[in-house]
Amino acid sequence: MGSGASKNTEEEEDDSNGGGGQLYVSLKMENSKVEGELTPHVYGSVPLIGSWDPSKALPLLRESASMSELSFVVPPDHETLDFKFLLKPKYSDTPCIVEEGQNRLLTGGSLQGDSRVALFKLEGDVIVEFRVFIKADRVSPFDLAASWRAYRENFQPSTVRGIPDVSMNPDQTAIEHCPSETLELDLEHYEVPAPAPSANSSLVYAADNAENPRSLSASGSFVNDNTKNAASNSPRTSGVSVDGSPSAKEMKVIVPDASDTSGVGESKSVGILSPFQQKDGQKGNFVDRGVGSPRLIKSISASSFLADLKPDAQTKNSIPAAAGAVAAAAVADQMLGPKEDRHLAIVLVGLPARGKTFTAEKLTRYLRWLGHDTKHFNVGKYRRLKLGVNMCADFFRADNPEGVEARTEVAALAMEDMIGWMQEGGQVGIFDATNSTRARRNMLMKMAEGKCKIIFLETLCNDERIIERNIRLKIQQSPDYAEETDFEAGVRDFRDRLANYERVYEPVEEGSYIKMIDMVSGNGGQIQVNNISGYLPGRIVFFLVNTHLTPRPILLTRHGESMDNVRGRTGGDSVISESGKIYAKKLANFVEKRLKNEKAASIWTSTLQRTILTASSIVGFPKVLWRALDEINSGVCDGMTYEEIKKNMPEEYESRQKDKLRYRYPRGESYLDVIQRLEPVIIELERQRAPVVVISHQAVLRALYAYFADRPLKEIPQIEMPLHTIIEIQMGVSGVQEKRYKLMD
């Protein structure tokens, strides 16, 4: 390789850019009787992109050899090069010999002047002569990238082909350690703080992550609420006092008018569905091709079509920011389904301590990750903010009219907030409360009529051990018992509360519903569905079938540093560097120590050799190769540096900078595409009851981490995912906690 200086003026550069392609130049040199390496020496600072073509080039000019060919690419705005050839002796360290005569000019693929001979003056005034042949062809950036990939793959074949998709190596000899590869200290020595925001590093009560009431002011009080709310300032009392209980008039809920359908729907996802003009009855569909040139496809009945192509457009027609199957299903539901089906309310039903809030939080995280605008509304949080936390078990008695009225009004307030949010564009609302009576559920269905589709999700648990564990976790974490100094007294009070609900509990038998019976343990159980149809409800059922509360760690790590990391190149399938090999040994030591008592653990890698090589030192655990864990497909840009993309494909570079989430590499993938192919991985991670070590790539791990940490989709391309660092995600009944271990720089 070399670098060159352009002789063009600015106007000439503009003209050359108009050609729209690179100049592929092939220089052939025919020599006589000398051994050496011939290369062009180009003056200036403009790099030539390319290298010796392994299928044609013969870089060593041996005695009696007849021809050598050197290929390189000239950017379109630097098609005039000023250069000379150098002759490098093969068997000595003497300096290169510069070609005799004036500098050469290569313009538009033609060698200027009459000279077709390269002369080199050796010691003793010996002159060596080479004849020069020039061939130039224009190639597109796509073909350029493809030829570069082919060159690299031929130059360095994969070292791991033939590895089975599932392998086991328990009988290998012990790992060879050296000082630089061994973890000499406790694992805690390598622990580093997780960047904020991140998954919780300490226990957090799940309900606290739910939505705040819309009527809540910045100071934490309700707007226009004149209630004295004495119950929140008094010790644990029996029911709510007459002067302290919020009346129905003070907490009056106004259900939004179901006939109000004004407004123009817009899409939250670039290239999913356009706005439509209701007054003209015009509909249309926009097929997602990533950020870039859109392709519009009109529906049969459409006479015109209006597309909103702004990536950051605020949209309100319940279409997810997604790709693939999720986008296709959303379009079908939007075009063909009933209006209320465009908004889905999942209404939890169940006795206290049955895992409702845990299930609600998990389902919210899953749907958000898939691209659906989803919010979790917890009625208990509304109650605590409205009425205070010092409510004893008697407040929850069915024969306490003031308590029943207060709880009903708070539930209606939360439902009103959820429906209002849906009418503003929200897609899926998770309504989290006991909803233990048919009367309460009928009230919710009446409020939702014509506005959203309700599916009841009932959680039933008959395992006394799990119920007891959940009760004790409730006392430890719930704000309802934050001021209770006697733990056992809190347990007794909660048991009394639970008994009050059990006396009036009515199982769900109406409407559309999903029943989860003894599913939380992960040891079987039943799931019953009634009147469930549609893509999204089906995905929800499939997700719920595979979730459980069994505590287990999931370890996420990138492969060891690869040769492409060293070169700054995207994609590829290169081997790991020397630093990467050291990390592979350290990772094996870490896994051996961290999972020494976990005989059922497994190691998951992509099918690319840098992850397989990183996992090669880990013994004693089954290894599973996932095609879905391969790095994001950078298409024609595979193997290029970002500087090369910026220089040779400026429009693609700018499109990516504007919207990295939705940008799709030409003939490649976007982050949204990666999320879609990772859904089976997420489902399997949820289903697993033993630890899993996932060795993958930066973009893929960003998407996986975003699921566990509940990070917004728009943040995924910027999530920090450093090399040689392990992220431990602890899954369990208390939610998701995170630790990070940095094994080396």
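Reading the values: rules and limits
Here, residues in each chain are numbered from 1, in the same order as that chain's written sequence. Where local features are concerned, this predicted model is filtered to residues with pLDDT of at least 70; where side-chain atom pairs are given and counted, the filter is 80 or more; whole-chain, interface and lining totals use all residues. Side-chain metrics in this entry use all non-hydrogen atoms of the structure; hydrogen atoms and water are not considered. By the criteria applied, helices consist of DSSP H or I runs no shorter than four residues and strands consist of E runs no shorter than two, each listed in order from the N terminus. Here a residue-residue contact requires only that any non-hydrogen atoms of the pair lie within 4.5 Å. Note that accessible areas follow from Shrake-Rupley with a 1.4 Å probe, and for residues the cover is restricted to the protein chains shown. Relative accessibility thresholds used throughout: buried, under 20% of the residue-type maximum; exposed, over 50%; partly exposed, between the two (1.4 Å probe, protein chains only). When DSSP finds two or more bridges between two strands, those strands count as paired. Think of each axis as a best-fit line through the C-alpha atoms, taken over the contacting stretch in the case of a helix, with angles from 0 to 180 degrees between the N-to-C directions. Centres within 6.5 Å make a pair out of two Phe, Tyr or Trp rings, where for Trp the six-membered ring is used; the pair is then stacked when the planes are under 30 degrees apart, edge-to-face when over 60, and tilted otherwise. Only when the NZ atom of a Lys or the CZ atom of an Arg is both within 6 Å of the ring centre and within 35 degrees of the ring normal do we say a charge sits over the ring. Relative orientations are named as follows: roughly parallel for angles under 35 degrees, roughly antiparallel for angles over 145 degrees, roughly perpendicular for angles from 65 to 115 degrees, and oblique for any other angle. Here a crossing is called left-handed whenever its near helix is offset anticlockwise from the far helix by less than a right angle, and right-handed whenever the offset is clockwise. Each residue gets one label: Ala, Val, Leu, Ile, Met, Phe, Trp, Tyr, Cys and Pro are nonpolar, Asp, Glu, Lys and Arg are charged, and the others, such as Gly, are polar.

- Within an unreviewed UniProt entry, the label attached to the protein reads 6-phosphofructo-2-kinase/fructose-2, 6-bisphosphatase, and the organism entered is Noccaea caerulescens.

## Details of the overall build of the protein
- Helix and strand counts for the protein stand at 17 helices and 28 strands.
- Restricting the contact set of the protein to residue pairs at least 6 apart, pairs at least 24 apart contribute 73%.
- As displayed, the protein offers around 33600 Å² of accessible surface, 50% of which is attributable to carbon and sulfur atoms.

## Here's the deal with the pairing of strand S19 (residues 428-432)
- The buried count for S19 comes to five of five residues, which makes it a mostly enclosed element.
- Side-chain alternation along S19 places Val428, Ile430 and Asp432 on one buried face and Gly429 and Phe431 on a second face that is also buried.
- With five bridges joining them, strand S18 (residues 374-378) and S19 adopt parallel strand pairing. Along S19, the bridge assignment pairs phenylalanine 377 with phenylalanine 431.

## A word on the side chain of threonine 611
- Of note, threonine 611 is situated in helix H13 (residues 609-615).
- Among the residues examined, threonine 611 registers a relative accessible area of 0% and is labelled buried.
- With near-sequence residues (within four places) excluded, threonine 611 lies in contact with His559, Thr605, Ser606, Ile695, Ser696 and His697.

## Here's the deal with the sheet that holds strand S21 (residues 512-517)
- Reading across from one edge, S18-S19-S17-S20-S21-S22 is the order of the six strands in this open sheet, with mixed pairing throughout. Of all the strands in the sheet, just S18 and strand S22 (526-530) have a single pairing partner and so form its edges. Direction aside, the axes of adjacent strands within the sheet are offset by 15 degrees on average.
- Along the sheet, helix H4 (residues 356-370) makes contact with strand S17 (344-349), S18, S19, strand S20 (453-460) and S21, crossing S18 at roughly 165 degrees.
- Packing of helix H7 (residues 438-448) onto the sheet brings it into contact with S17, S19 and S20, and relative to S20 it is tilted by some 155 degrees.

## What to know about the packing of aromatic side chains
- Under the counting rule described, the total for this entry stands at 10 aromatic pairs.
- Seen in terms of ring centroids, tyrosine 663 and tyrosine 665 are 5.2 Å apart; in terms of plane orientation they differ by 75 degrees. Their pairing is edge-to-face.
- Seen from their ring centres, tyrosine 707 and phenylalanine 708 are 5.1 Å apart, and the 75 degrees between their planes marks the pair as edge-to-face. Like tyrosine 707, the residue phenylalanine 708 is buried in the burial classification.
- Sitting over the face of the ring of tyrosine 707, arginine 365 holds its NZ or CZ atom 4.7 Å from the ring centroid.
- Directly above the ring of phenylalanine 395 sits arginine 407, whose terminal nitrogen or CZ lies 6.0 Å from the centroid.

## Quick word on the packing of H4 against helix H16 (residues 671-687)
- Direction vectors running N to C along H4 and H16 enclose 160 degrees, while the axes themselves pass 10 Å from each other. It follows from the interaxial angle that H4 and H16 lie roughly antiparallel. You can see that H4 and H16 cross each other, and the crossing is right-handed. Two secondary-structure elements touch here, H4 through Lys362, Arg365, Tyr366, Trp369 and Leu370 and H16 through Ile675, Gln676, Leu678, Glu679, Ile682, Ile683 and Glu686.
- Partitioned by chemical class, the residues of the contact of H4 with H16 number seven nonpolar, one polar and four charged.

## What to know about the packing of helix H8 (residues 464-477) against helix H9 (residues 487-504)
- As a packed pair, H8 and H9 sit with axes 10 Å apart at the nearest point and diverge in direction by 120 degrees. In terms of orientation, H8 lies oblique with respect to H9. By crossing handedness, the relation of H8 to H9 is classed as right-handed. Each of Glu468, Ile471, Arg472, Lys474, Ile475 and Gln476 in H8 lies in contact with H9, whose residues at this interface are Phe487, Glu488, Gly490, Val491, Phe494, Arg495 and Leu498.
- Residues of the contact of H8 with H9, tallied by class, amount to six nonpolar, two polar and five charged.

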